Amino acid sequence: MIFLFFNPIHCFSQKDKITWSSFERSIIDSAQYSITYELVFIEDTTSTRQAGHQDFSLLIGKTTSMFIGLNEYKKDSISAIMNGQQFASFQDASNSLMNSFPSGRFNYIIYKNHPVDQITFTETFLDMGPAIYQEEMNTFKWVIDNSFTDTYNEFSVKKATTFYGGRQWTAYFAPEIPINDGPYKFHGLPGLILKIHDSKMHYKFRAISFEKEEHNRTIYFNKRNYVEITRFKSLQIAQNIRHNIINIAQEAQLPLEAQLRAAESMRRRNNPIELKAD
């Protein structure tokens, strides 16, 4: 059963190819529902007319949910299938297929209620590698506007607001879809969040499809050598990378053209989704 809701990290260029690799993962749940969200974002406040786009998948299981870039999930699935294949032909086929799915701007994976009552955030940072931190599930303090009623693609929605990451957020949720989840870290409302945006409209998520899962898609956790950090440290690391990208690129012995491309990319990343740790 599929409902369609719509009508008719990287510093380097899209020419940079993805290399096939694999690592262990553990299956933590099986998806019962999958929702695709489109994110439209303005990461450069000096050029607000240029918006970025990325699609994400929210996989909801019995006890856990996983929020991941749509193409990243597809590439991880290919990697899992090819894991253990030693023949060059298999690896070449895997690389070719993975390169057909362009990497999105954001590589984070967010788990809700894994472990219990925790949000787990993983992200791979330039010059650092994979990092992980956790925060409490009860982070969001919602204020529901009971006087507001509207529809979004034939679903009745209500409105709620919250403050998170230095931004005021407005969410539109559907009580008739009794799933208390949503895009990014957002959750905790009596109905699925179909749309959410910050007050400046710099980050806007909207659901573009909802599917009751019949394909046994897995919710998995990648076993990597994570550096354990805090949410505050995560924001600090991202800021330091933006400020020191030239030094990082030089230490990596990148050619001058790649250094300049990285510097320009980082210059435009002056408006992250989380401005501060509350």
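Structure shown above.
Residues numbered from 1 in each chain as written. Predicted model: local features only at pLDDT ≥ 70, side-chain atom pairs only at ≥ 80, totals over all residues. Heavy atoms only, no water.

A.B. asks: Help me get a handle on helix H5 (residues 256-267), residues and values and all.
C.D. replies: The end-to-end C-alpha distance of H5 is 16 Å, a good match for the 16 Å that twelve residues give at a rise of 1.5 Å each. Three or more residues of H5 are buried, namely Ala258, Gln259, Ala262, Ser265 and Met266. One side of H5 carries all its buried residues, which in axial view fall inside an arc of 130 degrees. Facing away from the buried side of H5, by more than 90 degrees, are the exposed residues Leu256, Glu257 and Leu260. On its buried face, H5 is in contact with helix H3 (231-243) and helix H4 (245-251). (Helix = DSSP H or I, 4+ residues; strand = E, 2+ residues; numbered from the N terminus. Expected span 1.5 Å × (residues − 1). Buried < 20%, exposed > 50% of the residue type's maximum accessible area, 1.4 Å probe, protein only. Arc of directions from axis to C-beta. Contact = heavy atoms within 4.5 Å.)

A.B. asks: Just give me the short version of the pairing of strand S6 (residues 109-112), but keep the residues and values in it.
C.D. replies: Alternating residues of S6 divide into Ile109 and Tyr111 and Ile110 and Lys112, and every residue in both groups is buried. Where strand S5 (residues 65-69) meets S6, four bridges bridge the pair, whose relative direction is antiparallel. Each bridged residue has a counterpart across the sheet, and for Phe67 the counterpart in S6 is Ile110. Here four bridges tie S6 to strand S7 (residues 118-125), and the two strands are oriented antiparallel to one another. If you follow Ile110 over to S7, its bridge partner there is Phe121. (Pairing = 2+ DSSP bridges.)

A.B. asks: I'd love a proper account of H3, names of residues and values included.
C.D. replies: The end-to-end C-alpha separation of H3 is 19 Å, in line with the 18 Å expected for 13 residues at 1.5 Å each. Where H3 is concerned, the buried positions are Arg231, Ser234, Ile237 and Ile241. Projected down its long axis, H3 shows its buried positions confined to an angular sector of 115 degrees, all on one face. Away from its buried face, by an angle of more than 90 degrees, H3 presents the exposed residues Phe232 and His243. Lining the buried residues of H3 we find S7, strand S8 (129-136), strand S10 (155-164), H4 and H5.

A.B. asks: Tell me about the nonpolar core, and please be specific about residues and values.
C.D. replies: In this structure, Phe67, Trp142, Tyr184 and Leu194 are the most contacted members of the largest nonpolar core, which totals 51 residues. Counting residues per element, this core draws most heavily on strand S11 (residues 167-174), which supplies five residues. Setting aside chain neighbours within four positions, we find Trp142 in contact with Ala160, Thr161, Thr162, Ala171, Phe186, His187, Gly188, Leu189, Ile193 and Ile196. Counting twelve residues, the second largest nonpolar core, distinct from the first, contains Ala31, Tyr73, Ile219 and Tyr226. (Core = buried A, V, L, I, M, F, W, Y, C linked by side-chain atoms within 4.5 Å.)

By themselves, these are just geometric observations and shouldn't be taken as functional.
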